[in-house]
Amino acid sequence: MKSTWYEGSYVEYGVSLEKNVMVPMRDGVRLATDIYRPARDGVPVIGRFPAIIERTPYDNGSIRLTNIGRFYASRGYVCVLQDVRGRGESEGEWFFLLNSKDEGKDGYDALSWIVDQAWSDGQIGTIGLSYTGATQQALAVTDPPGLKAQFIMDSGYNYHTHTIRTGGAFNTGVLFPYAFRMARDGKEAQKNPMVRRKLAEEFHRVPEWFKTLPLKRGSSPLKLAPTYEDFLLTLASRGDYDDFWKNPASNLEENIDSYPDIPVFLLTSWYGHHVWANIMKYLEFSKRLTSPVRMVVGTWLHGHETLLESWSGEVDFGVDAILDNLEDLRLKWFDHFLKGMYTDVLDGEPIQTFIMGGGTGRRDLEGRMEHGGYWRPERQWPLKGTSSRDYFLHANGGLKTLQPQMDVEPSRYTFDPKDPVPTLGGCVQNPKMPGVLAGGAFDQKGRPNLFFACKDDMPLACRSDVLVFQTDPLSHDIEVTGFIEVWLYASSSALDTDFTAKLLDVYPPN
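Residues numbered from 1 in each chain as written. Predicted model: local features only at pLDDT ≥ 70, side-chain atom pairs only at ≥ 80, totals over all residues. Heavy atoms only, no water.

### Things to note about the overall build of the chain
Put simply, the rule reads: Every helix listed is a DSSP run of H or I at least four residues long, and every strand listed is a run of E at least two residues long, numbered separately from the N terminus. Only protein chains enter the area calculation, which uses a 1.4 Å probe; residues under 20% of their type maximum are buried, those over 50% are exposed, and those in between are partly exposed. Contact criterion: two residues are considered in contact whenever any of their non-hydrogen atoms come within 4.5 Å of each other. Reported accessibility uses the Shrake-Rupley method at a 1.4 Å probe radius. Residues are deemed covered only where the shown protein chains occlude them. Asp and Glu count as negative and Lys and Arg as positive, but His and the ends of the chain are not part of the count. Charged groups are reduced to one reference atom each: NZ for lysine, CZ for arginine, CG for aspartic acid, CD for glutamic acid.
Across its full length, the chain carries 10 helices and 18 strands. Overall, the chain is about 80 × 65 × 45 Å in size when its C-alpha atoms are taken along their principal axes. Per-residue burial for the chain yields a buried fraction of 50% across its 510 residues. When contacts within the chain are restricted to residue pairs at least 6 apart in sequence, long-range pairs at least 24 apart make up 69% of them. Working note: accessible area of the chain is about 25,700 Å², and carbon and sulfur atoms make up 52% of it. If the 54 positive side-chain charges of the chain are averaged to one point and the 67 negative ones to another, these points end up 3 Å apart.

Here it is, written out as structure tokens:
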């Protein structure tokens, strides 16, 4: 029997913090950088250590990042936490990930600075989720010095295809609240306490501001923070897939061939904001890289705090769905590739997926459906044994493997943009405020208290602008795991129309 013992870093140091070291970029802009170093009695230990870096727009001095800095420094790493350009205490101008001139270059310059430090052994690992996963990818394609391994959590692949826009449609429910949230601690708010206070107050009224859409320049409190108003309106108005969307920070798909051959760990979830993106990255990395690539797909929502939750939305998957060892997992990854220690991080199959289902279907005390599930190792994607099947939409509401007749009348509906169909759950980024969006699994019926577009509690299928196509009840259990594509043949009397397709599990009848 193979031993499960492994060697790994342990707590053997105190921690020393150098706060807001201003690291110069090639154009003279300086980025605020917190450096956590192994120490004895508060004095940094003399010696060379591998480094872990996270580059963030969300405050490098946050409690979460402070804990990460202390975690790694006490275990023999130097942890570098850097505010990206234009955010926090860093100089320069911010424009999300679309500032193609700077993001990748800033990452390159940051790693170049690290390897030149007396405390660096020349080996660097990168960490981060979402935006800070994208900063990892942006610097990676520049092939910076010292980059040896990455641990990327639920970040994008092509922000035009899936994130800022989805199939061409602007993700207003995600980006509008995001612009407010970022503006509250942006440069304009830092300079003027009245602006900061006003934006903080209006943040809680964002559901009301949705009623005024489409947003026009100067028509909302975002006019107090022109940087963030411009960011939102620019993304909302750039519908064409042009060079604006093709820089590495927001579009790895167009730059994947430049990725260095390094070990990459991808962590995502079925209800994460970037599950499609991470599976695509796994496929492309596996074809291009000889270094190990690993992927975990769980059931959490988009965010660190949700890793400790067994539920998403109104469905609970059981305690096995919880990921309570993130830092241990990341530490194993970097111990293995930056310190040359033996860990079990490469044992087993390269993919770990959480297969949902098998529960009782009853409601628990919190009102969530007990759906159950379990972890399963996999060697490949698509999963071994996967078969594809085509279903066709029929005029009578059927969903069948038989092709429909050609001479039947098309299905029709009338859409009123002033009464949009609400988005209930799914793999969307929670805007961290009630009344807008919520990711996860939800019964598809209205909830005026949870979703701003809901006017009643009727099932969405009852709406006259929703078409429903349904199979006959399944005669046996079936697993649906993999990509789903919808080919829709449609016409519209409007100049611009968005179509949304949902695949729903009609279960259970309770």
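There is more to say, and it comes next.
### Structural notes on the side chain of His-273
Quick reminder of the rule: Here a polar contact is taken to be a pair of N or O atoms separated by no more than 3.5 Å, where protein atoms must pair a possible hydrogen donor with a possible acceptor and residues adjacent in sequence count only if both atoms sit in side chains.
Following the sequence through the fold, His-273 ends up in the loop between β10 (264-269) and α9 (275-288). At 3.1 Å, the side chain of His-273 and the backbone nitrogen of Gln-429 are in polar contact.

### A closer look at the nonpolar core
Definition in use: To form a nonpolar core, buried Ala, Val, Leu, Ile, Met, Phe, Trp, Tyr and Cys residues must be joined to one another through side-chain atoms within 4.5 Å.
Residues Tyr-259, Val-264 and Phe-285 are the most contacted members of the largest nonpolar core, which totals 47 residues. A per-element tally of this core places α9 first, with 6 residues. Setting aside its immediate chain neighbours within four residues, Tyr-259 contacts Gln-136, Gln-137, Ala-140, Val-141, Gln-150, Ile-152, Leu-252, Val-264, Phe-285 and Leu-289.

### Details of the pattern of salt bridges
The line we're drawing: Every case where a carboxyl oxygen of Asp or Glu lies within 4 Å of a side-chain nitrogen of Lys or Arg is listed as a salt bridge.
This model, assessed by the stated rule, comprises 28 salt bridges. A salt bridge links Arg-85 to Asp-106, with the nearest nitrogen and oxygen atoms 2.9 Å apart. Of the two residues, Arg-85 sits in the loop between β5 (78-83) and α2 (103-115) while Asp-106 sits in helix α2, which places them 21 residues apart along the sequence. In this pair, the class of Arg-85 matches that of Asp-106, namely buried. Close ionic contact of Glu-479 with Arg-376 constitutes a salt bridge, the shortest N to O distance being 2.8 Å. In this pair, Glu-479 is assigned in the segment after β18 (399-400) and Arg-376 in strand β16 (residues 373-378), connecting sequence segments 103 residues apart. Residue class for Glu-479 comes out partly exposed when judged on its relative accessible area of 40%. Within the structure, one salt-bridge network assembled from shared partners comprises Lys-198, Glu-202, Arg-205 and Glu-208.

### Re the sheet that holds strand β13 (residues 315-316)
In plain terms, the rule: Being paired, for any two strands, means DSSP has found at least two bridges between them.
Pairing in this open sheet of 3 strands is mixed, and the strands run β12-β13-β15 from one edge to the other. Lying at the two open borders of the sheet, with one neighbouring strand each, are β12 (311-312) and β15 (369-370). Strand direction decides the pairing type here: β12 and β13, joined by 2 bridges, are antiparallel. Its bridge partner being in β13, Trp-311 is matched across the sheet by Asp-316.

### Some words on empty space enclosed by the protein
By rolling a water-sized probe across the atoms, one finds the places where empty space is left. Selection rule: In this analysis, the protein atoms alone were mapped onto a 1 Å grid. Cavities are point sets where a 1.4 Å probe fits without being able to get out; pockets are open sets with protein on both sides within 12 Å along at least five of seven lines; lining residues have an atom within 4 Å of a point. Grid points are joined across faces, edges and corners, and a volume is the space filled by probe spheres set on the points. By the convention adopted, Pro, Cys, Tyr, Trp, Phe, Met, Ile, Leu, Val and Ala count as nonpolar, Lys, Arg, Asp and Glu as charged, and the other residues, Gly among them, as polar.
Per the stated rule, a full pass over the model turns up 5 cavities of 30 Å³ or more. Its boundaries defined by the atoms lining it, the largest cavity holds a volume of some 130 Å³. In this structure, the largest cavity is lined by 14 residues; those nearest its centre are Phe-96, Ser-130, Thr-163, Tyr-178 and Gln-429. The element best represented in the lining of the largest cavity is helix α4 (residues 172-183), accounting for 3 residues. Of the residues assigned to the lining of the largest cavity, the class counts are 9 nonpolar, 5 polar and no charged.

### A word on the side chain of Ser-9
When you line up the elements, Ser-9 lands in the segment before β1 (14-24). A polar contact of 2.6 Å, which involves the side chain of Ser-9, links it to the side chain of Asp-335. Excluding residues that lie within four positions of it along the chain, Ser-9 makes contacts with Arg-75, Tyr-77, Leu-331, Asp-335, Lys-339 and Met-341.

### Concerning the packing of aromatic side chains
The condition is simple: Any two of the Phe, Tyr and Trp rings considered here, Trp counted by its six-membered ring, make a pair once their centres fall within 6.5 Å; the pair's planes then place it as stacked at under 30 degrees, edge-to-face at over 60, or tilted in between.
By the definition in use, this model includes 28 aromatic pairs. Between Phe-96 and Tyr-131 the ring centres are 5.4 Å apart and the planes differ by 90 degrees, which places this aromatic pair in the edge-to-face class. On the criterion of sequence distance, the pair formed by Phe-96 in the loop between β5 and α2 and Tyr-131 in helix α3 (residues 131-140) is long-range, its members being 35 residues apart. For the pair shown, Phe-96 and Tyr-131 are each scored as buried.

### So, the pairing of strand β14 (residues 351-356)
As paired strands, strand β11 (residues 293-298) and β14 are joined by 3 bridges and run parallel to one another. Considered in β14, the bridge of Val-297 is made with Thr-353. By the bridge criterion, 6 bridges tie β14 to β16 in an arrangement that is antiparallel. Bridging across to β16, Phe-354 finds its partner in Trp-375.

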